[in-house]
Amino acid sequence: MDAVKRVLKRIWLFLFQFRYFFMKLGISILTLCAVVILSFILIVNMPGTVIDSFAMQLSIQRRISLEQAMILAKQMLNYDPDAPLFERFWAYIQQLAQGNLGISIKNNAKSVNLILKELLPRTLFVSSISLAVSFVLGTFFGSRTTWRRNTIGAKVLDGYIVVSNSIPDYIFALILITVFAFRLAWFPNQGAYDAMILPGFTLPFILSLLFYATLPIAAYVFSQLSFWTMQMQGSALGVLGEDYINAARARGLPKRLIVRRYLKRNAILPLVTQLAISFGVMFGGAPLMESIFNYPGIGLAFSQAIVERDYYVVQGILLFVSVIVIGVNLIADTIYSIVDPRIRRSA
Amino acid sequence: MDNIVELNHLTIDYRLRKYALRAVADVTLPIKRGKVTALVGESGSGKTTLATSILEVISTPGVVESGTVLYYGNDKPVAVTKLREHELNAFRWREVSMVFQGAQSAMNPIMTVYKQFEETFLVHNRKTPRQAAIRQAKQKTIELLNFVNLDPERIMPMYPHELSGGMKQRVMIAFSLLLDPKLIILDEPTTALDVIIQGYIFKILKRINVELGISMLLLTHDIGVVAEFADYVAVMYGGKLMEYGTVREVFKEKRHPYSKGLIESTPSLLSDIDKMKPIKGSPPDIRNLPAGCIFHPRCDRCMEICKLQEPEDHKLGEHLVKCHLAKQ
Amino acid sequence: MNERLQAGRQALINLVHKMLKFLNGLGKVFFGNPKSVFGTSVLLFFIILGLFGPFIFPYSTDISMLDQLLPPSWTHPFGTDLWGRDIFRQIVAGTSDVLSIAFLAATFSVVLALILGMFSGIVGGFIDKFILFLTNVFLTIPSLPVFLILAALFTVDNPLTFALILMIFSWAGMCRSIRSQIISLKERDFIQICKVMKMSRGHIIFKELLPNVGSYILINFIIVMKNAITGSVGLMLLGVASFEPTNWGAILTSAKNNGALINPNSYMWLFAPILCIAIFQLGVIVLSKGLDDTLNPRLRVM
């Protein structure tokens, strides 16, 4: 009996170390539930005619009677508008549990999973490059200008921050595409790569991908860079006022060591969680940015689905993107708790 | 020379955007070799600013406007305010070290205790081969943590926030001894600690002073601690030095009304609680100091001249009193 | 009789005094430093333009194919659009729409954030945890897709619904920081003293807590206004919100959809609304910075 108790206590103590992670995991799961409910509401609220027109489309395409098509439509969508609400919800959950995000009701019943598989890599490509570039540059500029505030560079940076804050990113995108794609024709005005190059892991193809993504990346970086710079400035300014900076000086540590090991490291830590939030913001902004650049990513598909009232594609993409964003948030929180010992051991 | 540090006519301002705050005004003060000098004053009296000037680490935007800080190490005096950056870095911690107020925030929160000891040790021992220096650093750290009665094995891999208040304070004391300095500045080493741990810490400090022969500058507002622990005492008020002398001179003679007030406002085990007399009024606003003697609005022996003319420093041997009463 | 008249007059004088004092205080806040002066001027300019502009420069929707895509001139300061209509007058006519969306969205979000944030901070316990969870959900879900969905579900054709939709994602962050401010205020001495003195909850909330978060609310009100404009124009560009054709976002959308990206002759059509949005946003940002300087004075290092 005692042995069992001891083992149980061991297990508890082991799990107790990760309580911060479990807490965050719980919040993530709850958030996910909220998103699922939200997308179900979207389905429930779609007008009845949506399924009728889908059935009509099916009956024409497959040369079957309207009644048969109606049954088939309900089967394919796994949704019966006449069933009780709870049953519909249960069917919806079951379908999601199987990893099935539904099918398009406008685009030849193409599955949402397939759409995601085709288009998500492009959106991830553009957004991760933009995020990486703006994070690295922003934290660099931010810490540098905190340390030396009265240089010309710092003044220019201040001006840029105000300007980029007053121009929304999509307006900057509009200006970019007008000037560089249409007027000067330096960059393409649509597409994700050159159709003449065979897709594959080859240098010409990767270069073509980068070339087509240049303007979208530039537009994202323009608005994100100022955000990171400001975040880093604020964070570094807070750290600069900490006692341990002065104490480190008293210990005779040289200035560059203090900047590197004390100021930068401590200032960058809180930004890790911001990274995840910013990832979510970029995903959220993708529909607009991609439709301005005609960049065939997940955002463009989403905004087209909205305009076409393709409800299943809308809920599928929303759900998937939310899962990604929630997951990234969870990962960021976990990483933060690993790199910052204050949270790791005493949350 | 029996002074380890001499502050001469030191004036320190915090230069703000629209005006300057004079935190320390024309203070001349010796710190005796091998002895404990206590620097007493209410919070905001400029004692921390004064003490940090010895290491030239006054928090921004503080600037030494005039005066000198002379350090008498081995042979010839060193003017700390005139040192260049790398000379200053070599001087700091090796000659004078400091235990900061609120020890918890004086350590980098994302480095273990040992790593911080090692880092400082390595920076000051660049000429030693790296491996040998690391070995020495480890040995020294273990020795010092044992000296302050901490278990090195347990403490060294810990992060600052994992230590309790008393442990942190002892770690910081051990840290200050890392390079065998000749003077340690202790800024309120026992505030926020309970009485039993306070006593414990002072036992350790006494050993450092007596056994290792290290001089100390103790910043405190606790008169009881001064009486028990210090040899000399300097009393500051509103950035000015009001009285300086041996503990005996200051406590027995009670020549300055402010020192007298401080002593009498302290509860002690011997005196009755009813006899405790707090000093009336509040500490001065250094943006707006009163004319004449800056203590006169709170002084219970205020005279006409006190409101008009600032008293000079009256000296009796080394005993200094800044008060018109001392003239008679 | 005479005495009562005297008293009445005195009361009136007092009232006028109080009002003057209030106005003086308002002036100090909004014209307290160069940044505020600039920001307030921009904001006032657009407010006046929105209120009186349409009377001075009335806009007519008449199509005139002869005046297609004219360059800027004295009669048409910003030129004309594809149907020969004056762009400057369109912008003037749309100002009040843009402003009312921004203003309503900011009001709604601030009120919601304030109520939930204060409630959460004051009551604590389970309710606090629940509200915190709600903010977490709204901060995690990507906002633009949900805007899109809502805009598709409800027909968005007036400033009120537009503002309500825009509100949904702007209250959460504010709510959190109001909550944490309230919690830290609650620990401060003066609130503890109020509690010891058995002052009523209402007094503590309205007389002690609210004024302390006032400056934060004012500054965020302005920032939400800015975000509301960014959001509303974005939704119009995506074509999910049918709206007054004179709204700046609608002008921009119409220009974009009618080849203004390609045709150099219609650049004015594209850039006039962009310019207005940018200037308005700039003014609002500078104002929020100016207010921050005035209301949250810190010891600033040289």
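For the structure, see preceding data.
Residues numbered from 1 in each chain as written. Chains lettered and ligands numbered in written order. Predicted model: local features only at pLDDT ≥ 70, side-chain atom pairs only at ≥ 80, totals over all residues. Heavy atoms only, no water.

Q: I would appreciate a short explanation of the overall build of chain B in the present structure.
A: Scanning chain B from N- to C-terminus turns up 11 helices and 12 strands. With respect to the three principal axes, the spread of C-alpha positions in chain B is 70 × 45 × 40 Å. For chain B, the share of sequence-separated contacts (at least 6 apart) that also reach a separation of at least 24 residues comes to 64%. One way to put it: in chain B the 43 positive side-chain charges average out to a point 2 Å from where the 38 negative ones average out. (Helix = DSSP H or I, 4+ residues; strand = E, 2+ residues; numbered from the N terminus. Contact = heavy atoms within 4.5 Å. Lys, Arg positive; Asp, Glu negative; His and termini not counted. Charge placed at Lys NZ, Arg CZ, Asp CG, Glu CD.)

Q: Is there a simple way to think about the overall build of chain C in this case?
A: A count of helices and strands for chain C gives 11 helices and zero strands. Secondary structure elements in chain C, listed N-terminal to C-terminal, are α-α-α-α-α-α-α-α-α-α-α. The proportion of buried residues among the 302 residues of chain C is 46%. Taking all contacts inside chain C whose residues are at least 6 apart in sequence as the whole, residues at least 24 apart take part in 71%. Summed over its atoms, the accessible surface of chain C is roughly 15,500 Å², and 69% of this surface lies on carbon and sulfur atoms. (Buried < 20%, exposed > 50% of the residue type's maximum accessible area, 1.4 Å probe, protein only. Areas by Shrake-Rupley, 256 points an atom, 1.4 Å probe, with all protein chains shown as cover.)

Q: Help me out: how do you make sense of the interface of chain A and chain C in this one?
A: For an interface, size is often stated in terms of accessible area lost upon the parts coming together. With 40 residues of chain A at the contact, the number on the chain C side is 37 residues. Between chain A and chain C we count zero salt bridges in total. Counting across the interface, chain A meets chain C through three residue pairs in polar contact (both at pLDDT 80 or more). At the level of secondary structure, the elements contributing two or more residues to the side of chain A that touches chain C comprise helix H2 (19-44), helix H7 (152-166), helix H8 (169-183), helix H12 (271-293), helix H13 (298-308) and helix H14 (311-339) of chain A. The leading source of residues in the side of chain A that touches chain C is H8 of chain A, at eight residues. (Salt bridge = Lys/Arg side-chain N within 4 Å of Asp/Glu carboxyl O. Polar contact = N/O pair within 3.5 Å; in protein donor to acceptor, adjacent residues only side chain to side chain.)

Q: What am I meant to see in the pairing of strand E11 (residues 313-316) of chain B here?
A: One face of the sheet, then the other: side chains in a regular strand alternate in exactly this way. Residues and elements named next belong to chain B. Of the pairings in the sheet, the one linking E11 to strand E12 (residues 319-322) comprises four bridges and is antiparallel in character. In the sheet register, lysine 315 faces E12, and the bridge partner there is leucine 320. In this antiparallel pair of consecutive strands, E11 and E12, the connection spans two residues, and glycine 317 shows a positive phi of 65 degrees. (Pairing = 2+ DSSP bridges.)

Q: Explanation requested: the sheet that holds strand E6 (residues 96-99) of chain B in the structure shown.
A: In sheet architecture, strand pairing relies on hydrogen bonds along the backbone and comes in two forms, parallel and antiparallel. Residue and element names in this part refer to chain B. One open sheet holds the eight strands; their spatial order is E6-E7-E8-E3-E9-E10-E12-E11, and the pairing between them is mixed. With partners counted over all chains shown, the strands left at the sheet margins are E6 and E11, one partner each. Strand-to-strand twist in this sheet, taken as the mean axis angle between neighbours without regard to direction, amounts to 20 degrees. Relative to strand E8 (residues 215-220), strand E7 (residues 183-187) is paired through five bridges, and the arrangement is parallel. Considered in E8, the bridge of isoleucine 184 is made with methionine 216. (Axes fitted to C-alpha atoms, helices over the stretch in contact; angles between N-to-C directions.)

Q: What should I look at first to understand unusual backbone geometry in this one?
A: Note: most peptide bonds trans; most residues except glycine with negative phi. Residue and element names in this part refer to chain B. Even without a glycine there, the phi angle at aspartate 180 is positive, about 50 degrees. Position of aspartate 180 relative to the elements: it lies in the loop between helix H6 (165-176) and E7. The exposure class assigned to aspartate 180 is exposed, which follows from its relative accessible area of 51%.

Q: For this particular structure, what's the right way to read the interface of chain B and chain A?
A: Across the boundary between the two partners, chain B contributes 28 residues, which contact 23 residues of chain A. In this assembly, chain B packs against chain A so that about 2,300 Å² is buried in total across both faces, 55% of it on carbon and sulfur atoms. In this structure, the salt-bridge partner of glutamate 119 of chain B is arginine 261 of chain A, at a minimum N-O distance of 2.6 Å. For the interface between chain B and chain A, the tally reads nine residue pairs in polar contact (both at pLDDT 80 or more). Broken down by element, the residue count for the side of chain B that touches chain A peaks at five residues, all from helix H3 (residues 113-124) of chain B. Tallied by class, residues from the side of chain B that touches chain A come to 14 nonpolar, nine polar and five charged. (Buried area = accessible area lost by both parts, 1.4 Å probe. Nonpolar A, V, L, I, M, F, W, Y, C, P; charged D, E, K, R; others polar.)

Q: Hey, could you run me through the packing of aromatic side chains in this one?
A: Each aromatic ring pair is characterised by the separation of its centres together with the angle its planes make. Inspection of every chain in the model, using the stated rule, returns 26 aromatic pairs over all chains. Taken together, a centroid distance of 5.3 Å and an interplanar angle of 65 degrees make the contact between phenylalanine 279 of chain A and phenylalanine 283 of chain A edge-to-face. In this pair, phenylalanine 279 of chain A and phenylalanine 283 of chain A are both assigned in helix H12, four residues apart and thus about one turn of the helix distant. Both residues of the pair, phenylalanine 279 of chain A and phenylalanine 283 of chain A, belong to the buried class. Residue placement shows lysine 138 of chain B over the ring face of tyrosine 114 of chain B; its charged tip is 5.5 Å from the ring centre. Over the ring of phenylalanine 147 of chain B we find arginine 207 of chain B; its NZ or CZ atom is 4.3 Å from the centre of that ring. (Phe/Tyr/Trp six-rings, centres within 6.5 Å; stacked < 30°, edge-to-face > 60°. Lys NZ or Arg CZ within 6 Å of the ring centre and 35° of its normal.)

Q: What should I look at first to understand the pairing of E7 of chain B in this one?
A: Residues and elements named next belong to chain B. Taken across its five residues, E7 has five buried, putting it largely inside the fold. Across the two faces of E7 the burial is the same, with Leu183, Ile185 and Asp187 and Ile184 and Leu186 all buried. Strand direction decides the pairing type here: E6 and E7, joined by four bridges, are parallel. Across the sheet, residue valine 96 finds its bridge partner in E7, namely leucine 183. In terms of handedness, the path from E7 via helix H7 (residues 195-211) over to E8 forms a crossover that is right-handed. (Right-handed = clockwise from strand over helix to strand, strands pointing away.)

Q: What should I look at first to understand a nonpolar patch on the surface in this one?
A: Residue and element names in this part refer to chain A. On the surface, Val4, Val7, Leu8, Ile11, Trp12, Leu13, Phe14, Leu15, Phe16, Phe18, Phe21 and Phe22 cluster together to form a nonpolar patch covering roughly 1,100 Å² of accessible area. The greatest single-element share of the nonpolar patch, amounting to nine residues, is contributed by helix H1 (residues 2-16). Owing to a relative accessible area of 36%, phenylalanine 18 belongs among the partly exposed residues under this scheme. (Patch = residues over 30% accessible without salt bridge, like charges linked within 9 Å, V, L, I, M, F, W, Y side chains within 5 Å.)

Q: Would you mind showing me how to read the packing of H12 of chain A against H14 of chain A here?
A: Relative orientation and spacing of two packed helices are given, respectively, by the angle between their axes and the distance between those axes. Residues and elements named next belong to chain A. Look at H12 against H14: their axes get within 8 Å of each other, and the N-to-C directions meet at 170 degrees. One finds that H12 runs roughly antiparallel with respect to H14. For the pair formed by H12 and H14, the contact residues are Val272, Thr273, Ala276, Ile277, Phe279, Gly280 and Phe283 on the first element and Val321, Ile324, Val325, Val328, Asn329, Ala332, Asp333, Ile335 and Tyr336 on the second. Here the residues of the contact of H12 with H14 are counted per class, giving 12 nonpolar, three polar and one charged. (Parallel < 35°, antiparallel > 145°, perpendicular 65-115°, else oblique.)

Q: When you look at helix H1 (residues 47-54) of chain B in this model, what are you seeing that I'm missing?
A: Owing to its 3.6 residues per turn, the α-helix brings residues three or four apart onto one side. Residue and element names in this part refer to chain B. Most of H1 is tucked away, with seven of its eight residues classed as buried. Every buried residue of H1 is listed here: Lys47, Thr49, Leu50, Ala51, Thr52, Ser53 and Ile54. Glutamate 56, located one to two residues past H1, shows a positive phi value of around 55 degrees.

Bear in mind that shape data such as this cannot, by itself, settle questions of function.
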